[in-house]
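Examining the three-dimensional arrangement
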Amino acid sequence: MATNLSPFATSVIATSLWNTPHQFSRFSTLPEKANFSLWVSRIRSINGARKRFQLKSSNGHPLDAVPLQEGLAGIPPAKNHFGSQLGEENFPISQSEHVESTLSITVVGASGDLAKKKIFPALFALYYEDCLPKNFVVFGYARSKMTSEELRNMISKTLTCRIDKSANCKDKMDQFLKRCFYHSGQYDSEEHFSELDCKLKEKEVGKLSNRLFYLSIPPNIFVDVVRCASLRASSANGWTRVIVEKPFGRDSESSGELTRCLKQYLAEEQIFRIDHYLGKELVENLSVLRFSNLVFEPLWCRNYIRNVQLIFSEDFGTEGRGGYFNNYGIIRDIMQNHLLQILALFAMETPVSLDAEDIRNEKVKVLRSMRPLQLEDVVVGQYKGHSKGGKSYPAYIDDPTVPQDSLTPTFAAAALFINNARWDGVPFLMKAGKALHTKRAEIRVQFRHVPGNLYKRNFGTDLDKATNELVLRVQPDEAIYLKINNKVPGLGMRLDRSDLNLLYRARYTREIPDAYERLLLDAIEGERRLFIRSDELVAAWDLFTPLLNELEERKIAPELYPYGSRGPVGAHYLAAKHNVRWGDLSSED
Ligand SMILES: NC(=O)C1=CN([C@@H]2O[C@H](COP(=O)(O)OP(=O)(O)OC[C@H]3O[C@@H](n4cnc5c(N)ncnc54)[C@H](OP(=O)(O)O)[C@@H]3O)[C@@H](O)[C@H]2O)C=CC1
Ligand SMILES: O=C1O[C@H](COP(=O)(O)O)[C@@H](O)[C@H](O)[C@H]1O
């Protein structure tokens, strides 16, 4: 198997083998080339090192990664770029065990919106929290002409200190910025990536180099960059990983093609497909809530849950991103990835362990059990211009980069079903929209009615409203609350609805880290739990592609809704068809 992969990919397989004894069976050819007993003794020494190493990734579970701050008891034997053989001559153990390591992070597309808004600030936050290794550098790479000093100026404007931790912040920023450099180059130029490689080597000299590339660029240039980086700028002696931003294709075919192309240069273990919703605190908490509290897990099935709602809404339009958005639409932008990932986490069976593969195995089973999506179970909408309080808000098609006759949905609602024993018949309703009345993301779980409820007549007419509802408010103002029925104090017997509320800002003074911090840290640590595996991606696209094709082939016109409204009325009919009332509509929310 390894012989068909690039040298870059082969070195990563070696890394995996090196770090996880159980993976020997998967890639059994590689250890045969090396001295097996030597491998085993190294693994033992790595395991020893792990015990001393304070893990900092988001999973409280032993990692596959080589500890970054230890001396290097875990250097993988590697092939060099010219394909020389794996083996001891490349990595004499006596040397490797004493070599210091360094981490080089290259943000490709450093001049762009995401890099400025999220990636550099997240890297700084990790530095500030002492989560980055002692030796690290950050390189920005893009076509824009800029000096390192200009890059520092640019990113210094977006770095912020935590409110709860502002001591020495200015000094820390200066120290961080000193570690940031820039290289201008074309995305398809091997020569320019060779130049980057030289600059990286200058910083890494004498150390074992681990390299992380963050592709913060439009998807049409992903493969060029991966090719150039893999051939010219991958690490010769440490690991090389690549974080890929969405979109991962626009349907099954293009996504498959992207995966195939990436895998010409990278092994699956090197690809970190990011879905930043998986890095959000409340999404992380979903599994904790369910698997560490006895009160929830027994209820987590069709017998007790009436429906589940996954809601995403933004109170602004596609401003500035119309060009990108028009080619994708809200279903590809939010539903096929962020909401579907949450659904899979919500609905999966208990994984064997917290290991990334165990969790992703369970998620993929859910995705593959989804009932094919029917057009009649989907509503699409597009926002139109609207004036309110003397202010006018644009229509989607007012964006100069969007064609006047665009049918691209900026809103969608869908009813999905999971064809398995746990969830048979339970509607999972998704709703995602831009330019709505509020900004919010939440998971709502509506429970069934209490059978033979003694207090039925004390609820008045609307029994539906009196069922329990569990809400995980992902953002803003993170909270988990459970709606319960209780007696109003007094001599009569009147029932009321109240919330048992875990409001994060009231419970914890600590600022919640941004999702990109968690995900970057995990990629650095080699923790793949929160990244999308290729089979998950296949299953996600297989679910949505037929629907997307049908919408496009039949030129389904989206229902127009005013900017700042609650979205198309059709979403309510869809919910009603499945006996559901959207939970985000009640007044107390
Ligand atoms: N922005 C966001 O909030 C989010 C973005 N993403 C994804 O992250 C990635 C980066 O997003 P974002 O920063 O907004 O993207 P940008 O459009 O800002 O592009 C990033 C950089 O790529 C270069 N670039 C832009 N267009 C092209 C092109 N057609 N050909 C070659 N190079 C180009 C530019 O750098 P230069 O000209 O200097 O080379 C630009 O600064 C995208 O894949 C996006 O889908 C995902 C989630 C949210
Ligand atoms: O991936 C995306 O997410 C953002 C919303 O992210 P959030 O963390 O601010 O909720 C969305 O605006 C964008 O369209 C989409 O590509």
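Residues numbered from 1 in each chain as written. Chains lettered and ligands numbered in written order. Predicted model: local features only at pLDDT ≥ 70, side-chain atom pairs only at ≥ 80, totals over all residues. Heavy atoms only, no water.

Under the annotation held in an unreviewed UniProt entry, the protein carries the name Glucose-6-phosphate 1-dehydrogenase and is attributed to Quillaja saponaria. Of the comments in the UniProt record for the protein, the one headed Pathway (unreviewed entry) reads "Carbohydrate degradation; pentose phosphate pathway; D-ribulose 5-phosphate from D-glucose 6-phosphate (oxidative stage): step 1/3." (UniProt positions renumbered as here; feature names shortened; annotations may be inferred.)

Moving on, we come to the overall build of the protein. A tally of helices and strands in the protein yields 18 helices and 18 strands. Within the protein, buried positions represent 57% of all 589 residues. Taking all contacts inside the protein whose residues are at least 6 apart in sequence as the whole, residues at least 24 apart take part in 77%. (Helix = DSSP H or I, 4+ residues; strand = E, 2+ residues; numbered from the N terminus. Buried < 20%, exposed > 50% of the residue type's maximum accessible area, 1.4 Å probe, protein only. Contact = heavy atoms within 4.5 Å.)

Under the definition given, this model contains one disulfide. Here Cys161 connects covalently by a disulfide to Cys169, the sulfurs 1.2 Å from one another. Here the disulfide of Cys161 and Cys169 is left-handed, its torsion about the S-S bond being about -70°. In this structure Cys169 comes out as buried when scored by relative accessible area, which is 7%. The thiol of Cys261 is unpaired, and the distance to the nearest cysteine sulfur, on Cys228, comes to 13 Å. (Disulfide = S-S within 2.5 Å.)

Turning our eyes to something else, we now look at the packing of aromatic side chains. A complete count under the given rule lists 23 aromatic pairs for this structure. Arranged with centres 5.7 Å apart and planes meeting at 65°, the rings of Phe411 and Tyr561 form a pair that is edge-to-face. Remark: Tyr561 occurs in strand 18 (residues 559–562) and Phe411 occurs in strand 11 (residues 411–416); sequence separation between them is 150 residues. The class of Tyr561 is buried, set by a relative accessible area of 1%. Ring centres of Trp423 and Phe428 lie 5.3 Å apart, and the angle between their planes is 80°; on these two criteria the pair is classed as edge-to-face. (Phe/Tyr/Trp six-rings, centres within 6.5 Å; stacked < 30°, edge-to-face > 60°.)

Not every one of the 18 residues close to ligand 1 is listed here, only the nearest: Ser111, Leu114, Ser144, Tyr187 and Ile217. Gly112 places a polar main-chain atom, nitrogen or oxygen, 3.1 Å from an oxygen atom of ligand 1. A distance of 2.6 Å separates an oxygen atom of ligand 1 from a polar side-chain atom of Tyr187. Its free accessible area being 880 Å², ligand 1 has 76% of it covered by the protein chains. (Near = heavy atom within 4 Å. Polar contact = N/O pair within 3.5 Å; in protein donor to acceptor, adjacent residues only side chain to side chain. Areas by Shrake-Rupley, 256 points an atom, 1.4 Å probe, with all protein chains shown as cover.)

For the rest of this paragraph, the subject is the site of ligand 2. All residues adjacent to ligand 2 are Lys246, His276, Tyr277, Lys280, Glu314, Arg321, Asp333, His338, Lys434, Lys439 and Gln475. In this structure, Asp333 approaches ligand 2 through a side-chain N or O atom, which is 2.6 Å from an oxygen atom. At 2.8 Å, a side-chain N or O of His338 approaches an oxygen atom of ligand 2. Bound to the protein, ligand 2 loses 83% of the 390 Å² it would expose on its own. Its atoms largely coinciding with the cavity grid, ligand 2 occupies the largest pocket. Split into classes, the residues belonging to the shell around ligand 2 amount to one nonpolar, three polar and seven charged. (1 Å grid on protein atoms, 1.4 Å probe; cavity = no way out; pocket = protein on both sides within 12 Å on 5 of 7 lines; lining within 4 Å. Sits in = over half its atoms within 2 Å of the grid points. Nonpolar A, V, L, I, M, F, W, Y, C, P; charged D, E, K, R; others polar.)

In this model, the protein carries a mean pLDDT of 85, and residues with pLDDT of at least 70 account for 82%. Across residues 1–5, where pLDDT falls below 50, the model places seven contacts with residues more than four positions away in sequence or in other chains. Note that pLDDT drops below 50 for residues 7–55; the model gives that stretch 101 contacts with residues more than four away or on any other chain. With pTM at 0.86, the complex prediction returns an ipTM value of 0.98. (pLDDT = per-residue confidence, 0-100.)

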